[in-house]
Amino acid sequence: MDYAVECRDIQMRFREGEGWRNVLRGVNLQIRSGELTIIAGPSGCGKTTLLSILGGALAHTGGTLDVFGRRLSSMRPSQMAGFRRRHIGFIFQHYHLVPALTAVENAAMPLIIAGTPAAKACAAARREFERLDIGHIADRLPKRLSGGQQQRVAIARALVHRPELILCDEPTAALDSRAGETVMEILKEIAAQESRAVIVVTHDQRVFSFADRLIELEDGLVIADHNLTRNKGADSAGQRAA
Amino acid sequence: MLSIALKILWADAGKSAAMVLGVAFSTLLMAQQAAIFVCLMANSASHIAAAQDVDIWVADMRADYFDDPGALPEALVERVKSVPGVAAAAPYMRSSVVIDSTTMVEQGILIGLDPYSLMGAPQKLVAGSFRSLRASDAFIVDRRGYNDIWPGDDIELGRRLEVDGRLLHLVGIADPPSPFISMPLIYTSTETAKLIRPSIAPGFILARANDPAAAADVAAAIAERTGYGAFEKEAFSEITIDYYLTNTGIPINFAITITLGFIVGTAIVAQTFYLFVSENLRYLAVFKAMGAKAGQLISMTAAQCIVIAAIGFSLGIAGAAWFFETVPDKVAAFKGFYLPSGVFLKTALAVFAISLASGLLSIQRAVRYAPARVLQG
Ligand SMILES: Nc1ncnc2c1ncn2[C@@H]1O[C@H](COP(=O)(O)OP(=O)(O)OP(=O)(O)O)[C@@H](O)[C@H]1O
Ligand SMILES: [Mg+2]
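What you see is a predicted model; the values in this text were computed from it and never measured.

Cut-offs used in this document
- Residues numbered from 1 in each chain as written.
- Chains lettered and ligands numbered in written order.
- Predicted model: local features only at pLDDT ≥ 70, side-chain atom pairs only at ≥ 80, totals over all residues.
- Heavy atoms only, no water.
- 1 Å grid on protein atoms, 1.4 Å probe; cavity = no way out; pocket = protein on both sides within 12 Å on 5 of 7 lines; lining within 4 Å.
- Points joined across faces, edges and corners; volume = space filled by probe spheres on them.
- Helix = DSSP H or I, 4+ residues; strand = E, 2+ residues; numbered from the N terminus.
- Nonpolar A, V, L, I, M, F, W, Y, C, P; charged D, E, K, R; others polar.
- Salt bridge = Lys/Arg side-chain N within 4 Å of Asp/Glu carboxyl O.
- Buried < 20%, exposed > 50% of the residue type's maximum accessible area, 1.4 Å probe, protein only.
- Axes fitted to C-alpha atoms, helices over the stretch in contact; angles between N-to-C directions.
- Parallel < 35°, antiparallel > 145°, perpendicular 65-115°, else oblique.
- Left-handed = near helix turned anticlockwise from the far one by under 90°.
- Contact = heavy atoms within 4.5 Å.
- Near = heavy atom within 4 Å.
- Polar contact = N/O pair within 3.5 Å; in protein donor to acceptor, adjacent residues only side chain to side chain.
- Areas by Shrake-Rupley, 256 points an atom, 1.4 Å probe, with all protein chains shown as cover.
- Sits in = over half its atoms within 2 Å of the grid points.

### Considerations on the layout of surface pockets
Okay, so step 1: Here the largest pocket is characterised by a volume of approximately 430 Å³.
Okay, so step 2: Around the largest pocket, the lining is made up of 24 residues, and of these T48, T49 and D169 of chain A together with L375 and Q376 of chain B lie nearest the centre.
Okay, so step 3: Those elements that place two or more of their residues in the lining of the largest pocket are α1 (47-54) of chain A together with α12 (372-375) of chain B.
Okay, so step 4: Here the residues of the lining of the largest pocket sort into 8 nonpolar, 12 polar and 4 charged.

### Some details on the pattern of salt bridges
Residues and elements named next belong to chain A.
Okay, so step 1: Throughout the structure, instances matching the rule amount to 24 salt bridges over all chains.
Okay, so step 2: Notably, a salt bridge pairs D219 with R25, separated by 3.5 Å at the nearest N-O pair. Remark: R25 occurs in strand β2 (residues 19-31) and D219 occurs in the loop between β9 (213-218) and β10 (221-227); sequence separation between them is 194 residues.
Okay, so step 3: Here E35 ties to R32 by a salt bridge, and the two come within 3.4 Å at their closest N and O atoms.
Okay, so step 4: Given a relative accessible area of 10%, E35 falls into the buried group.
Okay, so step 5: Accessibility expressed as a relative area gives 22% for R32, which makes it partly exposed.
Okay, so step 6: Taken together, the shared-partner salt bridges in this structure form one network comprising E128, R131, R162, E194 and R196.

### Focus on the packing of helix α1 (residues 2-11) of chain B against helix α10 (residues 294-330) of chain B
All names here are of chain B.
Okay, so step 1: Contact geometry for α1 and α10: axes closest at 9 Å, N-to-C directions at 55°. Of the possible angle classes, the one that applies to α1 and α10 is oblique. Along this stretch, α1 crosses α10, giving a crossing that reads as right-handed. Here L2, I4, A5, L6, I8, L9 and W10 of α1 lie close against α10, whose contacting residues are S299, M300, A303, Q304, V307, I308 and I311.

### Looking at the site of ligand 1
Residue and element names in this part refer to chain A.
Okay, so step 1: Among the 14 residues in the neighbourhood of ligand 1, the closest are listed as S43, G44, K47, T48 and T49.
Okay, so step 2: S43 is positioned with one of its side-chain polar atoms (N or O) 2.5 Å from an oxygen atom of ligand 1.
Okay, so step 3: Contact between ligand 1 and G44: an oxygen atom at 2.8 Å from a main-chain N or O atom of the residue.
Okay, so step 4: Protein contacts shield 68% of the accessible area of ligand 1, which totals 630 Å² for the unbound molecule.
Okay, so step 5: Spatially, ligand 1 is embedded in the largest pocket.
Okay, so step 6: For the shell around ligand 1, the secondary-structure elements that each account for two or more residues are β2 and α1.
Okay, so step 7: For the shell around ligand 1, the leading source of residues is α1, giving 3 residues.

Laid out in structure tokens, this is it:
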């Protein structure tokens, strides 16, 4: 089958003083659409770096990367920006909502950036809000939203332009466990129902149970790759129905 | 995208206000100083525009001439009259004198005119008549000079004034445009002027052309026939202004103030814009991570700059306009001063350049910001 994401021997090194620091040392991965993949590992092991590379926000220094059949490895920065605009939805740990804009305007930003007129973009964002059950907060400013609500606005923003790949960095870290679970349920649903690839980076063990697949990263290498769908299929189906 | 940029701008009311005020302040400073400068320079030639019935000015063109118009031979009047195309010619005498009003002693400027043709006389009289100048020891003073000599007094003809030790009587009040040098102007007949100052001689010869439209040609003919400088009045105004521009410290002083206004404005606007962009860097970077192009970030910033510049400029120029609307009526030194349209346009240009340049410099940080840093938190 065609993979959503295919990494072969991905390497990433950063300048550090006189020398280099190897943060990713040959990552091999295939990720399928329709699945929620969790990448876990200790702090500093390279999770965020890997996520940035997968999303075309950072150019890797070795190996090859294909996302939906497109070779990111050979793209120029402006092409990468275009790729992000069309195919990637980012969800950040700290939400990064613009305080001056209402929830719905924030969520409409990816469409506005892609050239959709603001009114049309906001209408699309509103539909996303209804789906995520946050229609009632659409016109509020971020400062009047709880953390869980802000993260759901951020999810709406990551979905509004219908990207095929959703990348989330520690989406639950700033949330209490109830709000964190809600966010994970939403992400899982998005992956399952709309056949998109959702990748969540976390070291929050409480949310591992939502994963279809759990990849463990350590010191720049994949050390384990668990497929959880088979073992817990009935389990997660029950959750979705609830 | 642009409406988003403006929403972000207004959300930070404090910074927006600071930027608007910075722009307004430097607009005010530059426009007001530049306008005063332009008006002052124009005033250095105001006696030329004010002189009635004159098309051509004949002058000696030595370099230090304008501060101290030198002596032309009186016979030159007849020679000028004899040039074809000249309808009339008269002397224009000018000298600084000491005036003594019994309450104070000060410097004044004596202007001797031909009392019959009245060529070169100021065009407006507030009181009295030009005809009375024909009487011996009669004088007309400008309105501002009157208030200087007899502060607070109502206009009253027949008053006596000692000019260079000779007692004159007042027969009229003139209202010429404000002169470059703010000293009382004492108009007399050439005869009276000679009685006051026996050594006085014409500083200029004034001429009227048969056909005012051909004044420039007639001036050229006068110059050729007499060997003196002869200029149509607009050209002579320009020469006079040029003289003051190149031979006095006034332009330097104003250039310094105007430059300071520019620098202060640039500093305030650039700094607040830099802070503003810095604070928004996080969000601009998020837009970048979402795939926004550099051009989009730049046009967002440019839109913010233009709005700030437009509001700031409007406030500043309104302040300058208000100054020229109210102050010249109240303060004699600014009489007739106004806001020239050239100053308006050039200030607008400078202000928009400052705002755009500082905005675009600030946005460079966002343009260069690596999108992956947003994910790093
Ligand atoms: N732009 C960069 N320049 C230099 N070093 C970097 C850069 N980005 C990341 N690193 C380093 O690479 C290593 C991996 O960073 P990364 O953020 O990917 O870790 P992580 O697994 O996401 O950690 P955490 O769980 O704390 O978020 C860290 O030691 C970090 O300091
Ligand atoms: Mg991280």
